[in-house]
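# Coordinate analysis (summary)
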Amino acid sequence: MEILRNLFYGFPDLWGGGVAHSVMILALVITLGLCLGKIRVKGVSLGLAWILFIGLVFGHFSLNLDEHLLHFLKEFGLILFVYSIGLEVGPSFFSSFKNGGRSLNMLSIIVIALSIATTLGIFYASGTSITSMAGILSGAVTNTPGLGAAQQAFSDLRHIDAPSIAAGYAIAYPMGVLGVILSFVILRFALHINKEKEESEAKSGKGHLEAMTLNTFSVKITNKMIFGDTVKQVRELLGRDFMISKIHRPDSDEHHEIVNGHTVLNEDDVVFIVAHPAVQEPIIALLGEQVEMDWEQFGNELITRRILITKPGINGKTISQMQIRSNLGTNITRVNRAGVDLIATPSLKLQLGDRVTVVGTELAISHTEKVLGNQMKRLNYPNLIPIFLGIMLGCIVANIPFFIPGISESLRLGLTGGPLIVAILIGYFGPKHNLVTYNTISANLMIREIGICIFLACVGLGTGEQFIQTVATESGMIWILYGIAITMIPIILGGIIGRYAFHINYYTLLGVLAGANTNPSALAYVRDQTSADAPSVGYANVYPFAMFLRIVTIQIIIFVFG
């Protein structure tokens with residue numbers, strides 16, 4: 001019995017209660033939290049937030065860790081979590097502002113600004129401390145990195161911890177999950193949505209997601225003006241990006257011709273084209289008429305296969321530099337990167353982990369596989385250098401002082417902002433400078449989940465004693481109402497603005513709103529409502545910048561009002 005007591009409350013003769021005690025308490029909190037996170041009600045779960053709640057209970061009953069060890073583990077877990085997020089969103093961070101993504105990110109900025117305005121309005125009207133409001137804001141928008149950023153900022157500013165930040169987060173989080181879904185239901189009726197029409201438009205890829213959607217279609221060459229022109233001449237005439245992956249010539253028995261820029265287009269040829277939805281009509285108008293063609297009727301002379309790039313030497317090289325078409329007799333028609341399809345233009349730089357769609361004969365494709373890799377085993381080995389190098393650089397950037405007018409003290413990005421910014425830059429620029437930053441989704445997810453689990457457990461353990469006292473008071477109940485307001489007002493107003501000012505498709509709109517709140521539970525709810533990919537694409541497009549803004553803005557709030 002004495003051993004069990006010491007394991008739960010610490011060995012009195014060892015520093016911090018001993019390693020066995022500390023590891024057991026941390027592991028037990030995380031295990032119980034993860035088990036409860038599997039519980040779903042109507043498809044909705046509080047997920048990892050249960051780790052925080054279990055930590056609060058343990059902390060209340062003094063089943064705790066040494067405060068110095070707790071502080072280290074909390075910060076280390078936060079660094080792992082934030083850095084892995086930066087590496088994940090880095091490759092698509094800057095490209096998310098191009099074309100239709102620009103207006104989607106503008107809407108996410110509006111939603112974030114509305115949530116900040118709502119928070120500050122409550123702060124001035126109620127007199128609630130800014131630390132409590134920062135925690136409520138983080139919980140209301142289910143943004144755990146924001147919680148860490150607020151705690152780190154206040155610690156840097158006042159050199160003490162503020163338990164009310166975590167308390168506010170824990171109180172507001174449950175309604176942060178449910179409030180978004182309730183707001184979506186309200187928006188559906190307020191905007192008079194025809195679900196069938198919206199889903200049809202979402203599947204077509206038109207609108208704000210055109211730049212992230214590729215369509216395939218067949219066109220018969222009937223325009224006399226381009227008879228005898230090459231594909232390169234047609235592309236220059238049109239001034240748009242597209243790829244011709246296959247061609248059928250009615251006067252030829254061969255169906256394995258690989259299309260390149262020098263391929264001549266003749267009367268009645270039928271071409272199979274890959275292009276963005278916005279380019280489809282101009283292409284058809286220039287070439288001739290759209291037709292239905294069963295390309296499988298020509299047998300297996302020309303096949304299509306997806307190949308995974310796994311050779312590090314290819315990282316950062318353009319498609320033209322690879323000379324796949326001229327040397328191997330195959331054609332790369334599209335590149336899938338982080339779930340988004342890109343047209344395989346000659347200037348596009350390939351990255352480790354890209355999945356390229358290749359057209360050619362069976363023999364030519366087998367040779368192409370050897371050149372590109374297509375061996376998952378090579379990607380299973382983690383690239384640890386960019387992780388530890390980036391964390392080291394992130395710690396340096398975290399401590400670089402900068403000044404905000406009106407604040408006497410020099411400020412820093414802290415251990416949330418520094419690693420995040422470095423990770424985004426490494427994730428985006430690394431492949432362009434032949435630095436291999438790729439890690440498998442599972443490896444990156446493992447780092448991220450371990451980091452956030454450790455962080456949430458430590459936050460709960462460190463603030464459990466004060467949390468129960470806060471919830472039991474009248475102010476704790478009022479904080480729940482504050483959280484509901486911060487969750488629902490920006491979502492509903494943002495939905496109305498997105499619909500009537502930006503004319504965004506309903507399902508894309510819901511994905512953007514879920515992404516602006518960095519709320520995966522809300523995205524899961526929307527995905528159950530439709531078979532279109534629009535919610536996921538909208539979410540993925542705004543998530544990187546929204547996460548960055550949530551982390552940075554909450555630190556500014558603490559710096560200015562703390």
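Right, let's walk through the structure included here. (Residues numbered from 1 in each chain as written. Predicted model: local features only at pLDDT ≥ 70, side-chain atom pairs only at ≥ 80, totals over all residues. Heavy atoms only, no water.)

## A few points about the overall build of the protein chain
A tally of helices and strands in the protein chain yields 22 helices and eight strands. Here the protein chain holds 562 residues, and the buried ones make up 55% of them. Sequence separation of at least 24 residues holds for 80% of the intrachain contacts in the protein chain that already meet a minimum separation of 6. Of the roughly 25,000 Å² of accessible surface on the protein chain, a fraction of 60% belongs to carbon and sulfur atoms. (Helix = DSSP H or I, 4+ residues; strand = E, 2+ residues; numbered from the N terminus. Buried < 20%, exposed > 50% of the residue type's maximum accessible area, 1.4 Å probe, protein only. Contact = heavy atoms within 4.5 Å. Areas by Shrake-Rupley, 256 points an atom, 1.4 Å probe, with all protein chains shown as cover.)

## Looking at the side chain of Asp354
With respect to the helices and strands, the residue Asp354 is situated in the loop between strand 7 (340-343) and strand 8 (355-360). If sequence neighbours within four positions are ignored, Asp354 has contacts with Ile307, Leu308, Ile309, Val335, Asn336, Arg337 and Lys349.

## Focus on the environment of Phe76
Note on placement: Phe76 falls in helix 4 (residues 67-93). Counting along the chain gives 375 residues from Phe76 to Gly451, while the straight-line C-alpha distance between them is 7.3 Å.

## Considering the nonpolar core
With 100 residues, the main nonpolar core has Val29, Phe184 and Leu513 as its most contacted residues. Here this core gets 14 residues from one element, more than from any other, and that element is helix 22 (residues 534-561). The contacts of Phe184, once residues within four sequence positions are left out, are Ile491, Tyr506, Leu510, Leu513, Ala514, Ala522, Tyr525 and Val526. Formed by 20 residues, the second largest nonpolar core is a distinct cluster that contains Phe217, Ile221, Val231 and Leu287. (Core = buried A, V, L, I, M, F, W, Y, C linked by side-chain atoms within 4.5 Å.)

## A word on a nonpolar patch on the surface
Side chains of Ile385, Leu389, Met392, Leu393, Ile396 and Ile400 sit close together on the surface and give an oily, nonpolar patch of about 540 Å² of accessible area. Residue position: Met392 is located in helix 16 (residues 384-398). (Patch = residues over 30% accessible without salt bridge, like charges linked within 9 Å, V, L, I, M, F, W, Y side chains within 5 Å. Salt bridge = Lys/Arg side-chain N within 4 Å of Asp/Glu carboxyl O.)

## Considerations on the packing of helix 10 (residues 231-238) against helix 11 (residues 277-287)
Direction vectors running N to C along helix 10 and helix 11 enclose 120°, while the axes themselves pass 11 Å from each other. In this view, helix 10 runs oblique relative to helix 11, as classed from their interaxial angle. Our pair here, helix 10 against helix 11, has a crossing hand that is right-handed. Contacts between helix 10 and helix 11 pair Val234, Leu237 and Leu238 from the former with Val279, Pro282, Ile283, Leu286 and Leu287 from the latter. Among the residues making up the contact of helix 10 with helix 11, the classes are represented as eight nonpolar, no polar and no charged. (Axes fitted to C-alpha atoms, helices over the stretch in contact; angles between N-to-C directions. Parallel < 35°, antiparallel > 145°, perpendicular 65-115°, else oblique. Left-handed = near helix turned anticlockwise from the far one by under 90°. Nonpolar A, V, L, I, M, F, W, Y, C, P; charged D, E, K, R; others polar.)

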